[in-house]
Amino acid sequence: MLPFFLTALSRSLAWAMIHSRKSLSVLTAFLLLIVVQVHALDKWQPLPDGEISRIAFGSCAKQWEAQPIWNTVADAKPDLFLFIGDAIYGDWHGDRPFTPTRQSLTTDWSKLAAIPQFSAIRKQLPFMATWDNHDYGSHNGGADFELKEMTKEVFLDFFGEPKNSERRKTPGIYDAKTFGPAGRRVQIILLDTRWFRSPFKKDQRSAEQRKAIGKVGNYVGNTDNNTTILGETQWQWLAEQLRHPAELRLIVSSTQIIPDQKGMDEWGAFPHERLRLFELIRSTGAEGVLLVSGNVHFAELSRLESGNRDFYELTSSGMTHNDERYANAANPHRVKGPVVEHNFGLVEIDWDAKPSPLIKLKAIGTDGDTGFEHEISLSSLQQAKPTKCTDPRPQLCTMDYRPVCAKKSDGTQKTYANGCGACSDPEVLEYLAGEC
């Protein structure tokens, strides 16, 4: 398979042969040398075919800056690395955003490939990747980006996606793989938050007004239910993936899901889509869900209790740069962090821990120090089983308040003061502890 940027190089050399006085033999030798070097760089390690227990991930890496953090990633000895967005900045080089060309993108990807630490680690570790706005090619871009077919081709070429793969044929670059034997299966679900995404809704308040309430971004939640992040095609695919058997699932989003108050490029900008994701996880009965994200240029761990179930989100961002403004924005869901230094995330699984496998969630800096660590049991990520309402229905209930979320026969949900009160309603089928 010809490497992704060979065509661009060939065209440049052809122009040089026409306009240069150098001999054809020298240019031909130079071209052959490049072909050999590029073919060497084009090789990626195959994905694991057995059990995995250490998954590293990271985002936001400027291709024009040094990246010593890859040495620390290698020292952590992960089984797999997930590049979850902004692996390059293809629409911004530190000044004003611009519209990339195929040539400019291939040049930027080749700059990443030429970084010594990255070149070394890609020969050691298997990679999976999805994109965010800058490697997508459009600053905060979405479905209306006209060059997305081209940027998709360049992205998948760089990461060695086979030319005949299904990922090449479907819209977007979402992907999923499951690793390990039954009882120790890890499913990696890479979402595409750019291809289908509707436009953001601009916050009309002044910068001073936004700052006064802790907003650092320029957006407010778009309450139009016709807007989307994932698009119907990807939503249907995700529902199918969540029904596949797995003990632990990493749902990978380039942008944050649980933290929703920054006013930035995040799931909170489309609150109905954020709610839909949690409802889909519950309705499919998906167990062992862990959310993974990047984008914000710092690291943190967030927790959300929803429908009597805990959701955790490990965010790691800023392999080459950070931003304290984003880290200082409000996040009432924060459990650990923020870590405002170059970092990557690490998920470690102790499958043999008793009574349940143990998961360690870490943010690690360039120097190898752990910015934070948090342990959770795999059993804590399981979905609570609803209590069924049976006949005869209760006629009298106490007035104590222990709220439950009840599912009614028409599919709607309603909060009742307690389980007895819920089942006294003949339309209620079952309930979970906690408000809806």
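Every chain is numbered on its own, with residues counted from 1 as its sequence reads. Only residues with pLDDT of at least 70 are given local features in this predicted model, and only at 80 or more are side-chain atom pairs given and counted; all residues enter the totals for whole chains, interfaces and linings. Just so you know, side-chain values use all the structure's heavy atoms and leave hydrogens and water out.

Caption draft 1: The arrangement of the state of the cysteines in detail. By convention in this document, the label disulfide applies to cysteine sulfur atom pairs within 2.5 Å. Summed over all chains, the structure comprises two disulfides. A disulfide bridge connects Cys389 with Cys423, and the sulfur atoms are separated by 1.9 Å. Because the torsion about its S-S bond is -75°, the bridge between Cys389 and Cys423 counts as left-handed. Of this pair, Cys389 sits in the loop between β16 (387-388) and β17 (404-408) while Cys423 sits in helix α13 (residues 419-423); the two residues are 34 residues apart in sequence, bridging distant segments of the chain. Between buried and exposed lies partly exposed: a residue is buried under 20% and exposed over 50% of the maximum accessible area for its type, with that area taken using a 1.4 Å probe on protein chains only. Under the relative-accessibility criterion, Cys389 is labelled buried at 12%. Runs of H or I in DSSP of at least four residues are treated as helices and runs of E of at least two as strands, each being numbered from the N terminus.

Caption draft 2: Layout of the environment of Asp369. By secondary structure assignment, the location of Asp369 is in the loop between β14 (358-365) and β15 (370-377). Considering only alpha carbons, one finds Asp369 and Thr72, 297 residues apart in sequence, at a separation of 9.5 Å. Note on contacts: a residue pair qualifies if any of its non-hydrogen atoms lie within 4.5 Å across the two residues. Leave out the neighbours within four places in its chain, and Asp369 touches Ala363 and Ile364.

Caption draft 3: Local environment of the nonpolar core. Only buried Ala, Val, Leu, Ile, Met, Phe, Trp, Tyr and Cys residues count toward a nonpolar core, and they belong to the same one when joined by side-chain atoms within 4.5 Å. Residues Phe83, Phe118 and Leu238 are the most contacted members of the largest nonpolar core, which totals 65 residues. When neighbours within four sequence positions are excluded, Phe83 is seen to be in contact with Gly58, Ser59, Ala61, Trp70, Leu112, Phe118, Phe127, Met128, Ala129, Thr130, Phe159 and Met319. Formed by 31 residues, the second largest nonpolar core is a distinct cluster that contains Ile52, Leu80, Met128 and Leu248.

Caption draft 4: Representation of the side chain of Arg168. Note on placement: Arg168 falls in helix α8 (residues 166-169). Residue classification places Arg168 among the buried residues on the basis of a relative accessible area of 18%. There is a polar contact of 2.7 Å between the side chain of Arg168 and the backbone oxygen of Glu161. With residues near it in sequence (within four places) discarded, Arg168 still touches Lys152, Glu153, Leu156, Asp157, Glu161, Pro162 and Lys163. Definition of a polar contact: a pair of N or O atoms within 3.5 Å, with one able to donate and the other able to accept a hydrogen when the atoms are protein atoms, and with sequence-neighbouring residues admitted only if both atoms are side-chain atoms.

Caption draft 5: Examining the packing of helix α4 (residues 102-114) against helix α7 (residues 148-158) more closely. Interhelical geometry of α4 versus α7 gives an angle of 25° and a closest axis separation of 10 Å. Relative to α7, the element α4 is oriented roughly parallel. Crossing handedness for the pair α4 and α7: right-handed. Counting all contacts with α4, which are made through Arg102, Leu105, Thr106, Trp109, Leu112 and Ala113, the residues of α7 involved are Met150, Thr151, Glu153, Val154, Phe155 and Phe158. For the contact of α4 with α7, the per-class residue count stands at eight nonpolar, two polar and two charged. The convention used is that axes are lines fitted to C-alpha atoms, helices contributing only their stretch in contact, and that angles between N-to-C directions extend from 0 to 180 degrees. Here the word oblique covers every angle except those under 35 degrees (roughly parallel), over 145 (roughly antiparallel) and from 65 to 115 (roughly perpendicular). The sense of a crossing depends on the near helix, which, turned anticlockwise from the far helix by less than a right angle, makes the crossing left-handed and, turned clockwise, makes it right-handed. Just so you know the grouping, Ala, Val, Leu, Ile, Met, Phe, Trp, Tyr, Cys and Pro go in nonpolar, Asp, Glu, Lys and Arg go in charged, and all remaining residues, Gly too, go in polar.

Caption draft 6: Local environment of the pattern of salt bridges. Any Lys or Arg side-chain nitrogen found within 4 Å of a carboxyl oxygen on Asp or Glu counts as a salt bridge. Under the definition given, this model contains 28 salt bridges. Residues Arg54 and Glu348 are paired through a salt bridge, measuring 2.4 Å at the closest nitrogen-oxygen approach. Pair noted here: Arg54 is in strand β1 (residues 54-58) and Glu348 is in strand β13 (residues 343-350), with a separation of 294 residues, a long-range link. Taking relative accessible area as the criterion, Arg54 reaches 24% and is therefore assigned partly exposed. Residue Arg303 is joined to Asp310 by a salt bridge in which the shortest nitrogen-to-oxygen separation is 2.9 Å. Each member of the salt-bridge network shares a partner with another, and the members are Arg54, Glu348, Lys362 and Glu373.

Caption draft 7: Representation of the sheet that holds β16 in the model. If you walk across this open sheet you meet the four strands as β16-β19-β17-β18, and the pairing is antiparallel. Each of the sheet's edge strands pairs with one partner strand only, and the pair in question is β16 and β18 (413-416). Bridge count for β17 against β18 is four bridges, and the pairing is antiparallel. Residue pairing for β18: Lys407 is matched across the bridge by Gln413. Only when DSSP finds a minimum of two bridges between them are two strands counted as paired.

Caption draft 8: Representation of the packing of aromatic side chains. For Phe, Tyr and Trp, rings pair up if their centres lie within 6.5 Å, where Trp contributes its six-membered ring, and each pair is then called stacked (planes under 30 degrees apart), edge-to-face (over 60) or tilted (otherwise). Counted according to the given criterion, the structure contains 32 aromatic pairs. Consider the rings of Trp109 and Phe155, whose centres lie 5.7 Å apart with planes at 80°: the pair is edge-to-face. With a gap of 46 residues between them, Trp109 in helix α4 and Phe155 in helix α7 connect regions that are remote in the sequence. Classification of Trp109 by relative accessible area gives buried; the value is 1%.

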